[in-house]
Every structure is written in C-alpha cells, then in structure tokens.
Amino acid sequence: MKDFIKYTLATIVGIVLASIIFTVIGIVSVAGMVASENAGNVLEKNSILRIKLQGEITERTEENPMDFLSRGEIMSIPLDKALEALKKAATNDRVKGIYLEGGVLTAAPAELQELRQALLGFKESGKWIVAYGDEYSRGSYYLCSVADEVFLNPIGMLDWSGMSSQPIFYTGLMKKLGVKMQVFKVGTYKSAVEPFICTEMSDANREQVQSFLDNIWGNMLKEVAASRQINPGELNAMADSTTFLSQAEVFVKNKLVDKLGYLSDVKKALKQRLELDEDDDLNFATLADVIASDGLGKKIDDEVAVYYAYGEIADSRAAGFSQEHNITAKEMMKDLQELREDDDVKAVVIRVNSPGGSAYASEQIWHELQLLRAKKPVVVSMGGMAASGGYYISCGANQIFAEPMTLTGSIGIFGMIPDASELLTQKLGLTFDVVKTNAMSDFGAMGRPFNANEAAKMQGYVNRGYELFTSRVADGRGMEQDSVKAIAEGRVWTGEQALSIGLVDKLGNLNDAVEAAALLAELEDYTVGRYPQVKPWYASLVDRAGSNYMDSRIRAAMGEYYPAYAFVKRIGKVNPIQARLPFDPNIK
C-alpha cells in the first residue's frame, strides 16, 4: 500500500512538472514567434515614433519572462534603447516626427536630462515633436517641454510644483520591535545611517540635500525656460502659484502648454503635419521598430566597448537589497578581464549608474579596472547616480563624464549592525550564555550589543576603509589626499558641482564618453559594443523570473514605501560595511 501511494504521488508530481515544462515551452514558442514577427517589420512611410512616458526609466533593456502577462500594467523605458532609437530616427527618412504621450514617469533627474538631450538632438535634424497628456508628472513634462506643440486634455493635470526629498525614518518602528542599529561611520554628511538612528534629518544632511536639489531644479528651470521661451524666474514662480489642481486654462495662460485638446484633436494635428487626409491612418512606430529597421552597417574590427554597471554593488548575486539588477563583483571582474584580453576592444567606457554598496566589492572592482586601464583607455560615463561605491569604481578612470544632474561623490564609509538583544531577551524571553577561549571569540554574538573594545575595533576598521577610499580617489584624480577629504565627508554632489571641485572631468552624456574613449585610443573608425550581453529571458527563467515578477508587483503596490520593504527583506544578507548613498534619495 505504501508503495502504491508513493508511486501515485510520484506520478502526480511528474504530471504537474511536465505540465509546467510544456507551458514554459509554449510561452517560449509564442514569444519567439512574436519576436520574429516584430523583427521583420519594416517602417512604413510617414511613420511617427511614439514614446509613452509612463512607468520608469531603466538604465538598460532587460527581458522579463512575465512582461506579456501584464502588458500595459507595468511599463518602463530602457534608456539605452531610447537613445539608440532617437539617434537612428533622426536620420531615417521614414520617421517624420515624434509623438510624446505624457504620463507619470519615474526616473533619476540625470536620466531624464540625457533623454531630453537626445530629443533635442532629434529636433536638430529638422523634424518635429508633438506632445499630449491627460496628465504630466514633473519628469514627463520636463521631457515634453522640448516639443514644438504641447497639448493638454481640457480637464487634465500638470505637475510643476518643484522638487522635494522626504526620507523615511525607521527608528521609531525599530524601537517598538526592540532593535537598535550599531553604527560606525566616517563622514559628517554620510547620511545613509540616519533613517535607522534618527527621527529627522541632521543639519549636515539637510544642507547637502538642499544644495543638490537647488542645483537640479535650477538646471530644469533653465532648460524648460529655454524651450518654452519663458523667463526662468517666472517659471520658478509658477511652481509656487500653479498646482496640478489648477484649471487647464491656467497652464495655457502661463505658456506651459500650447493648446487644450482631446486625443482626437492631437491626431488631427499630426495628420496635418503629415499632410494626410482626415480618413487616412497614422503609422505609429515603437522604439524597437526604429532600431530594427536600421541596417547593421559595415563591420569594423576596432571596437569601443560600453560596459553597463548599474544597480547596487554587491559581493554576490544574492546580496543586494532587492531583486533588481545589481553589480556583482565577481561577475564584473570576470567581464572586465575578458575585455582586457580581447585584442579587438581598443577602449572601454564604463557606464556607471549606482548608489554604491559593499565597500569590499567596490575595492575589488576598482583593482580590476586598474588592470584594464594599464592595457587600454578607460572612460567612465555617469548616469543617474555614481555615488559612494559607484564613485569608488569610477575614480581610477582616464576620464570621467557626468550629466549636470548626476548625483555623485558621497565619498565615505559606514557600517551598520543590528543589536536585537532587547527583542530577543526582553520581548521574546530568550537568554544566552557563552564559553570561549579568547576575549574576542564571541565577537558579534547574538543577544548582546558590542562592548567598548569591540566597538572601537569596528570603528577602526571603518576608518581604515575611509583612508583607503580617499587614497584611491586622490591617486585617480591627481589630488592630495587631504584635498579629497575636504570635499569628501560623505557629501553628495551633482555632476555640475563635482566638475567645479575636480571629481569629474567633463559634463557630457554616454555618446560624449564613447567619443572621448575613441580619441584616447586614436581610433577614427570603430564599432561600439555593448556589454555584458543581455540574456534572453528564458535563460534566467528558473532563478529570476518568479522573483522579478513578484518583486515588480510588490514595487507597484507599495510605491514610495518599497525601499523600506526591500531593506527589511535583505538586511541580513548584505555586507555590513558599505560605501553607499542614502538608501533612497527619495527625490520627488
């Protein structure tokens, strides 16, 4: 009887597993057919590139096996794909213009700035851009302000209320739980620890946040004012007087938008630009359509490699605070070694978009980059942020480019180790005892906080990390270490501010960095390679699909509270010594 039950259960499990496997194969097949069909599309004449400014901007295209299940629910704009498509659309005769559809768009200010520059570059080709929105977030309006015509729905909304940062503090919650954070840090401005030991921002942190917010907002005002032909002072005054709840006519009166109209009115305006009859259809193209329609061009052996390093810096794949993409030290070191040994690769651009992370992992990546630089030029292009550990891995490059609104610097080290003794002993009733051979044998033991000797040793360890970090910056930037320390202290700077104090070489985007790398390598003709290769979604189906799918749903549901959830979920799996920006800059 036992054997019968055992074999029956085994058969049922086998049937279930087979069903799952065949379902996955079916999904792969359908997706493959759809991809093949899309790949064969050719742009029609009088095409309009449509970009929906909704969801979030991501650094790079990543395939997700579950995206088709929720098409339209969770959206993103891969920055690498958008920049490539805009560059090709400018020279493709079949693309006549761009239609931007405003919405609620989440992105780092520097990511918005780079995309906006690409849109302006498209306009320089002599082609037009039209924008329409039922609602515009500040980020989407900042992009849409480049358009020749900006439409707003007659009962639509437009947010031009300035910028803010509202960090979340967990100290009160942790006190209720009986958990304290034992903090060891170097840097007056190293504020990543504040949410876990304070109930409000320190004066130093408030100073730095105010500084970089003012600088970012000033850039936005200047750029939007130029596009809309409005005085920057007047535009700033509108942020105080005009809210997203204002009547739509107010936005027209203040020259933020050109016309009020419904979607049908915008389609009519597009047809007029194309000189089409009212009954003719509009041919809309996607970013992928434009990229696929362009020929491969002539193959050139000499290559400038662009390596994308984005996300938190972790010792291993499972050590990040969330299921999102991260920079894994071992994987990146292996990739950099392959680029170093590839004779066709003449120069490397490291595209950094990272708040930092593990100090140990940052040092390992820095070392590997120095080996690479010894053999060929290395240029860094900073994206949304390249702070703390993100700056650590950048500082040794031949040249560093940043966007004016990039967040960078944050040169500092901290350690955070939870003390859950109150929770364990007083609330849960657990007790601990120990037998040991030496004074430090139970270092970091559960059930008690660090004693004075242990705390001193931890602070000494963090201090040595800070000395090493500042020495790496000094060597890479050709500065005295004391001069580095004067602008370090964990302070966050914008790219524009960092240029004035010597932390970056030039303000520019990824294309500027590529051109600089080619110049250093003395290349006239070259191809641009993208690394690491993006894996097809079915290759990571087993280890990432479910977690990424669920994580994306949790992110969508929790919104601004997601970072707190992600921190709690991963707190026990990260290196306690971090070179990292505040856990969530929370810029709105």
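Residues numbered from 1 in each chain as written. Predicted model: local features only at pLDDT ≥ 70, side-chain atom pairs only at ≥ 80, totals over all residues. Heavy atoms only, no water.

### Concerning the sheet that holds strand E7 (residues 149-158)
Next, step 1: Pairing is parallel in the open sheet, where 6 strands are placed in the order E9-E7-E6-E4-E1-E10. Each having just a single partner strand, strand E9 (259-260) and strand E10 (283-285) make up the two edges of the open sheet.
Next, step 2: Both strand E6 (residues 128-136) and E7 contribute to a ladder of 6 bridges, which runs parallel. When the bridges of E7 are listed, Ala131 appears paired with Val150.
Next, step 3: Sitting on the sheet, helix H9 (residues 263-274) is in contact with strand E1 (47-52), strand E4 (95-102), E6, E7 and E10, with an inclination near 180 degrees to E6. (Pairing = 2+ DSSP bridges. Helix = DSSP H or I, 4+ residues; strand = E, 2+ residues; numbered from the N terminus. Contact = heavy atoms within 4.5 Å. Axes fitted to C-alpha atoms, helices over the stretch in contact; angles between N-to-C directions.)

### Points about helix H15 (residues 452-477)
Next, step 1: Taking 1.5 Å of rise per residue, 26 residues should cover 38 Å, and H15 covers 37 Å from first to last C-alpha, within 8% of that figure.
Next, step 2: Within the sequence span of H15, burial applies to Glu454, Met458, Val462, Tyr466, Phe469, Thr470, Ser471, Arg472, Val473, Ala474 and Arg477.
Next, step 3: Here H15 starts with a cap whose side-chain oxygen sits 3.2 Å from the backbone nitrogen of Asn453, and that cap is Asn451.
Next, step 4: One or two positions beyond H15, positive phi appears at Gly478, with a value near 65 degrees. (Expected span 1.5 Å × (residues − 1). Buried < 20%, exposed > 50% of the residue type's maximum accessible area, 1.4 Å probe, protein only. Polar contact = N/O pair within 3.5 Å; in protein donor to acceptor, adjacent residues only side chain to side chain.)

### Looking at the sheet that holds strand E5 (residues 105-106)
Next, step 1: Spatially, the 3 strands line up as an open sheet ordered E3-E2-E5, and their pairing is parallel. Two strands bound the open sheet, and with one partner strand each, they are strand E3 (76-78) and E5.
Next, step 2: Note that strand E2 (residues 55-58) and E5 share 2 bridges and pair parallel. Looking across to E5, one finds that Gly55 is bridged to Leu105.
Next, step 3: The sheet strands contacting helix H2 (residues 79-91) are E2 and E3, and the helix crosses E3 at an angle near 60 degrees.

### Regarding the environment of Ser140
Next, step 1: Within the secondary structure, Ser140 is located in helix H4 (residues 138-144).
Next, step 2: Judged by its relative accessible area of 0%, Ser140 falls in the buried class.
Next, step 3: Between the alpha carbons of Ser140 and Leu112 there is a distance of 8.4 Å; along the sequence they are 28 residues apart.
Next, step 4: When near neighbours in sequence (up to four residues on either side) are disregarded, Ser140 contacts Leu53, Gly102, Gly103 and Leu105.

### Structural notes on the pattern of salt bridges
Pairs can form between side chains of opposite charge whenever their charged atoms are close.
Next, step 1: Inspection of every chain in the model, using the stated rule, returns 18 salt bridges.
Next, step 2: With a closest N to O distance of 2.9 Å, Arg448 and Glu454 form a salt bridge.
Next, step 3: Residue class for Glu454 comes out buried when judged on its relative accessible area of 0%.
Next, step 4: Residues Asp505 and Arg477 are paired through a salt bridge, measuring 3.0 Å at the closest nitrogen-oxygen approach. Of the two residues, Asp505 is situated in the loop between helix H17 (495-500) and strand E21 (506-507) and Arg477 in helix H15; the sequence distance between them amounts to 28 residues.
Next, step 5: Of the residues examined, Asp505 reaches a relative accessible area of 33% and is grouped as partly exposed. (Salt bridge = Lys/Arg side-chain N within 4 Å of Asp/Glu carboxyl O.)

### Quick look at the side chain of Thr494
Next, step 1: Along the chain, Thr494 falls in strand E20 (residues 492-494).
Next, step 2: Within polar-contact distance, the side chain of Thr494 engages the side chain of Asn215 at 2.8 Å.
Next, step 3: Non-local contacts of Thr494, meaning those with residues more than four positions away in its chain, are made with Phe212, Asn215, Ile216, Pro404, Thr406, Leu407 and Thr408.

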